[in-house]
Amino acid sequence: MDDLVNITVDGLKMQVPKGTLLWEACQAHGIDIPIFCYHTKLGPVGACRTCLVEVEGMTKGPITACSTPVTDGMVVRTRSPIAQKAQRGILEFLLLNHPLDCPICDRGGECPLQDQTFAYGPGSSRYVEPKRHHVKPIVLGPTIALDRERCVLCWRCVRFTAEIAEDKSIVLLDRGDHTVVGTFQDEPYVSNFSGNVVELCPVGALTARKQRFNFRPWELQNRPSICPHCAFGCNINISVRKNDEVIRFLSRDNPEVDDSWLCDRGRFDFEFINSPQRLTAPLVRDGDAFLEVSWTEAFELISNRLRSILDESGAHALAGIAAARMTNEGLHVFKRFMRDVVGTGLVDHTPRPNLRLTPGQQQAFARLGRNLMPIAGLDDARTILLLGADPSEREPVMELRIRQAVNRHGAQLVIANPEEITLSPKASHAASYETGGLAAFIRSLTSALRRGPQGSNNDDSASALVRTYLAEGPIAVIYDASFPGTLDKGDAVLALDDFVEALRARAAVGTLPLLDAANSMGARDLDILPPDGWSSSVIDALLGPDSQVRAAILAGADLAAGAGEETLRRLNQLDLLVVQELFMTETARLADVVLPAASFAEQIGTFTNSERRVQRLHEAVPAPGVARADWEILVDLSQHFDNALPYAGARQIWDDIRRTVPAYAPVAFDSIGPRGVRIEETQVLESA
Amino acid sequence: MAVLTDDARRRIGEYAALYPAARSALLPALHVAQNELGWLPRDAMEEVAELLGLDWDQVEEVASFYTMYYKDPVGTYVLEVCKTVPCAYLGADDIIDYVSAKLGIQPGETTADGMFTLFRVECLAACHRAPVMQVNHRYYQNLTPERVDALIEAARQLQLQSAGAPGFAIRRTWSESVENAQ
Amino acid sequence: MSKEPILFKHLAVPDINKLGVYVENGGYEGLRKAVTDMKPEDVTKEVSDSGLRGRGGAGFPTGRKWSFIPKGVLPTYLVVNADESEPGAFKDRELMERNPHQLLEGVALSAYAIGCRLAFIYVRGEFLYIQEILDAALAEAYAGGYLGKNIFGSGYDIEIVVHRGAGAYICGEESALLDSLEGYRGFPRLRPPFPAVKGLYGQPTVINNVETLANVPHIVRHGSAWFRSYGTEKSPGTKICSISGPVQKPGNYELEMGTPFRVLLEEKAGGMLPGKTLKAYIPGGASAPMLPNRPEFIDVPITYEDYPAVGSTMGSASFILIPEDVCIIYAQLRISEFFAHESCGKCIPCREGTPWLMKTVRRIERGEGREDDLPLLLDICDNILGRSFCALGDFSTSNIVASIKYFYDEYEEHIRRRACPHISATAAVA
Ligand SMILES: Cc1cc2nc3c(=O)[nH]c(=O)nc-3n(C[C@H](O)[C@H](O)[C@H](O)COP(=O)(O)O)c2cc1C
Ligand code: SF4
Ligand code: FES
């Protein structure tokens, strides 16, 4: 911070770090300068010239605030007659060929061009020539439509596909005033990140085909939340209409996590929230059908049956499985209910890695789960090593962060995988091993490491890799905590743990696991696992041939989906199957009692992402019918038992989590701001 | 589908080797491809992309920027008459009208027999020899209607003589002989 | 010219384009002297002392440009700007066509000065035959050991690649040229970083015009003092002047800087064609403001400093003459069409402004002008000038402003009479 410079903008004196772009400095001090081509995440190109401002001493006319770094003593006027004339001139040029269809434009109401036009009055009356015409709109690909008449050629979309997603599919074609954005020979624009170009487009030229003309931006309110689709934990805003309908997900920039990007799966898969198929009331089986009942009726039925089963067969007759997409609060109450209210230790979560670890392997796995590196730390890595991990499949936005680390920060990417993955062309080095051979591959690296400088002079490929890429830190090791394609996963755990240790002896190392679901990390931290941890699986116990289990509570765990006959038979055999769900899933269909649950968008709570960052969910829309948050359901159910749970809200539950999970202890609920709180920053996790 | 001859592919490879980065060979490579095919069809752009290790999008993005690459089929002989000052008022407009009337095509069009395409183009750096045109990117200067007649006649003759030969050979033979004749 | 020409001195020598003939006439002597006798800094110093200024248009001191190359950042590149697309300019073409080795020697010398071992000559796409001439000359020079590895046993290697564009005036703008040379659309680049710091392939790069570099062998051979004996204090040396339009002998003439335009017009070019009178002329290619036929504008000395003093610029010294019988609006239309056609489309003011100027001028020319079209044109120019990303936008305004300034009546008459008062614009054909 010693490198501050003094500048004056519109009479306001400010101190800003040397080299800051003038636009950013102004923005930080509440001075608004119009922009089109500039975007904080894409960097300056200075192409549109809308951000022209007057700078004292300028020789060649006004300068572009977006591409000019501040220098000490700079005196800037953003609203002076010279600046205004320049800005208005550009606006007039922009509007020459721009259709005046704001009333029917998807961007109407949130368009900087429209705002500026209102502010300055329509400037195009001096243009008497015919406007440029294009077919409108054209289909750019499965997800995106393009209206070329509205396009202002800021080429943000082009730069996004070329520089961020690197699928390069949107390009500029032709030149001069014939320039258009398009694709090679009108091939479809296909990308896992296509939705971002809609958000980047400052006007209504690029639209999501799903959403075109469905809404007017001014009807919407944006409510902060976290994407529920994977463990990366991208921050989103949920756009809500009339307080009860989810219209779209927008990115909500968290530079620590998503850096403002979303993948298409996360962005476009939201309609389930509004679905008319959602469960709206508790249901009780009546022969082949279900009857709607009140919560009290449902709870009484469950508690009576459960009590008699427990009385007859003991606590091990009940198993509970919770979905790892539940909030920390939901999971914590679930665990409390099972262990403290009904007294069973048979809890587990799903989806989870199918691990059967020996005690030694469990310790290794726990070590690996500690001291995770921050996602943003990828930018500092010298080498990023993907060990049997494919972020594009599992946590897609991590792919973009890795590309950025390589492109902007010079990281080297090393990929070890039996097959090509999306990131392979980006790798400085790609190593292959036979499917199933992950552990052996890792061990070959470890022995090369241990051979030390001389040993690694060997000319085998592992030594070469170690010599070239692992000699110096920081090294980011990304692994898939499910160890896909690996037969002996326990062995792979040991090998990986040993490798990381050997690596640590040489260089700074950070690890990041790829996990299964939005709150997989929470489920681990809150210990939603069998009493012997990762050495068994309650799902196996429940579904196994000599299962003792007679009753099950499945919270969002759709075990029947796509399962074989044996599983269905086992679930059918249960004396009591209680299912908490959003939909009438295949599992719910087999249930005795179905309880309608609130989705992530309908409750207050937290998720913990794969770098162990706790992030807040808010109630964006009300849950349908009488559906409730998972924790609310279980708290209410507990009232029908002796050890009723005392919680009245998510805050209280969180405080209880802090009491029982030491790592979470320092984090007060209200300290979880818009960017979340990374647990590792506050305390090294010892208890995992 | 491969549309370039082995010779063209080899020459593109040679160009790529000249530069520190293969992408620099994109403009030369497109010249080579167009020389063979007369214009740049999709297949040619794809093949150039493949040869230089680029994405096809990048090729069209670049090709569409430059006016000398033809994005649509053109005639065997492309007549490009300069229309900028001073050519404009030193006879270029008349030459364009003359060619247009003689061949029965407007600027931008190709004759029905696929022999000639006429374009009006910007300054060709030959203002002192106005009016001027390029035919298949060779200069023909100090144009008069008589000269244009001779050029077109020579082109037709050569086209007849070498019927069946690949386009590039025709172009070259013709350019050389007419140039020598001037 | 009273003194011996510099660049055109050998034009009369038959076959000067052949290596042997070039060498017999003292060719590659400068290069030999430099690589065997001089340190790179010495070459730069000589060129700095000579006061040589860039012949591409802007007139930036060449030695100074070279001195911006940071020490020790390798590789460095030299790129020759042979894009020559400015309407009215055809001098580099002749320099390369007639005496290719003079340029190649200049390139090698300049490359030596900045520590470059791989240089590029970017010729405009239409210069197919120039590429062939240069490639042939290069092959000869490599074979003769004048270029290539270890020239003159000095240990210095220099390779030159001739790269041909594909039709885009903007690629004459040096940073767009670099993008084009790297295989991209020819978009000008954001500065800083300047090419001297991060240019071709992100490396330190010098970009110089053909004529600029063609001077270098002579400066190295004969010294900066000799060079300064030509021209004026601020514009030393000679200048190849292209003159075109209805004159007796259009063509390129090498004049000592400071020679009045009148000498070029009346002596060199032999005056106007019979029956033609001069109405106006553009001194520096289509981007330079035109000047009407008045004695004070005809007697301007051809230098970097004298043209700005009369409200124009010498640019590349490409003189386009407009005769009395050509409608100025028609001439302006063709100029405006040129810039609209050549705008790269990167920035809004140029992309949208140049077609607007063109369409408005076209309306006036067709007799559909409106009363407020002239203030409109000037205001559009005002909104482009100094606002566009690169100078092309600025260039598109200079003749609009100048033609309205000097030929206001002609514009007004078009608008008033709702027609072009000239019988026919093309009646001017010689
Ligand atoms: C739109 C535009 C077109 C230009 N065209 C040319 C050109 O064709 N040839 C040239 O030498 N310089 C041209 N220039 C100038 C170059 O940008 C650059 O100043 C020059 O190559 C520097 O060389 P010099 O210092 O030797 O003059 C052009 C500049 C602009 C803005
Ligand atoms: S002024 Fe703008 S649009 Fe025009 S050529 Fe320069 S960058 Fe391109
Ligand atoms: S926002 Fe500054 S030039 Fe576009």
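What counts and how
- Residues numbered from 1 in each chain as written.
- Chains lettered and ligands numbered in written order.
- Predicted model: local features only at pLDDT ≥ 70, side-chain atom pairs only at ≥ 80, totals over all residues.
- Heavy atoms only, no water.
- Contact = heavy atoms within 4.5 Å.
- Salt bridge = Lys/Arg side-chain N within 4 Å of Asp/Glu carboxyl O.
- Polar contact = N/O pair within 3.5 Å; in protein donor to acceptor, adjacent residues only side chain to side chain.
- Helix = DSSP H or I, 4+ residues; strand = E, 2+ residues; numbered from the N terminus.
- Nonpolar A, V, L, I, M, F, W, Y, C, P; charged D, E, K, R; others polar.
- Near = heavy atom within 4 Å.
- Areas by Shrake-Rupley, 256 points an atom, 1.4 Å probe, with all protein chains shown as cover.
- Domains from an automatic or database assignment.
- Expected span 1.5 Å × (residues − 1).
- Buried area = accessible area lost by both parts, 1.4 Å probe.
- Pairing = 2+ DSSP bridges.
- pLDDT = per-residue confidence, 0-100.

Peer 1: Summarise the interface of chain A and chain C; cite the residues concerned and give the values.
Peer 2: Listed by partner, the interface residues are 36 residues for chain A and 33 residues for chain C. Counting every contact that joins chain A to chain C gives six salt bridges. As a salt-bridge pair, Glu 129 of chain A and Arg 363 of chain C come within 2.9 Å of each other at their nearest N and O atoms. For the pair chain A and chain C, the number of links is 18 residue pairs in polar contact (both at pLDDT 80 or more). Of all the secondary-structure elements, those providing two or more residues to the side of chain A that touches chain C are α2 (81-96) and β8 (171-173) of chain A. Top element by residues in the side of chain A that touches chain C is α2 of chain A. It accounts for eight residues. Within the side of chain A that touches chain C, the residues separate by chemical class into 19 nonpolar, seven polar and 10 charged.

Peer 1: Account for the site of ligand 1, naming residues and giving values.
Peer 2: Residues and elements named next belong to chain C. Lining the immediate surroundings of ligand 1 are 19 residues, of which Gly 56, Asn 81, Asn 208, Asn 209 and Thr 212 lie closest. A distance of 3.2 Å separates a nitrogen atom of ligand 1 from a polar backbone atom of Gly 172. At 2.7 Å, a side-chain N or O of Asn 209 approaches an oxygen atom of ligand 1. Considered on its own, ligand 1 offers 600 Å² of accessible surface; in the complex 91% of this is hidden by protein. Among the secondary structure elements, those contributing two or more residues to the shell around ligand 1 are β4 (205-209) and α17 (391-406). Looking at the shell around ligand 1, its residues break down into five nonpolar, eight polar and six charged. When residues of the shell around ligand 1 are sorted by domain, at least three fall in each of domain 1 (19-228) and domain 3 (328-429).

Peer 1: So what's going on with helix α12 (residues 396-409) of chain A? Which residues, and what values?
Peer 2: Over its 14 residues, α12 of chain A extends 20 Å from the first C-alpha to the last, a length consistent with the 20 Å expected when each residue adds 1.5 Å. Positioned one or two residues after α12 of chain A, Gly 410 of chain A has a phi angle of 70°, which is positive.

Peer 1: Account for the interface of chain B and chain C, naming residues and giving values.
Peer 2: Frequently, the measure chosen for interface size is the accessible area removed from exposure when the parts meet. Contacts between chain B and chain C engage 43 residues on the former and 62 residues on the latter. With both chains or domains summed, chain B and chain C bury close to 4,100 Å², and 59% of this area falls on carbon and sulfur atoms. Per-residue buried area on chain B facing chain C is highest for Phe 65, Tyr 89 and His 128 of chain B; these three make up 18% of the total on that side. Run the count over chain B and chain C and you get three salt bridges. As a salt-bridge pair, Glu 337 of chain C and Lys 83 of chain B come within 2.5 Å of each other at their nearest N and O atoms. Inspection of the region where chain B meets chain C yields 23 residue pairs in polar contact (both at pLDDT 80 or more). Going through the elements one at a time, α1 (6-18), α2 (26-37), α4 (56-63), α5 (92-103) and β4 (138-140) of chain B are the ones with two or more residues in the side of chain B that touches chain C. At four residues, α2 of chain B tops the list of elements feeding residues into the side of chain B that touches chain C.

Peer 1: Lay out the sheet that holds strand β10 (residues 206-208) of chain A with the relevant residues and their values.
Peer 2: Residues and elements named next belong to chain A. Here we have three strands laid out as an open sheet, ordered β6-β7-β10, and antiparallel in their pairing. Taken across any chain shown, the strands that pair with only one partner, and hence form the sheet edges, are β6 (138-139) and β10. For β6 and strand β7 (residues 144-146), the ladder comprises two bridges, and the chain directions are antiparallel. Residue Val 139 lies in a different strand from β7, and its bridge partner there is Ala 145.

Peer 1: Give me the lowdown on the pairing of strand β15 (residues 289-292) of chain A, citing residues and values where you can.
Peer 2: Residues and elements named next belong to chain A. Relative to β15, strand β14 (residues 283-286) runs antiparallel, the two being bridged by four bridges. If you follow Val 284 over to β15, its bridge partner there is Leu 291. The turn linking β14 back onto β15 is made up of two residues, and Gly 287 within it adopts a positive phi angle of 65°.

Peer 1: Could you give me a rundown of the confidence of the model for chain C, with the residues and numbers involved?
Peer 2: The predicted coordinates of low-pLDDT regions are not to be read in fine detail. All names here are of chain C. On average, residues of chain C score 96 in pLDDT, and 98% of them are at 70 or above. Within the model, the stretch residues 424-430 combines pLDDT values under 50 with 17 contacts to residues more than four positions away or in other chains. Scored as a complex, the prediction yields pTM 0.94 and ipTM 0.93.

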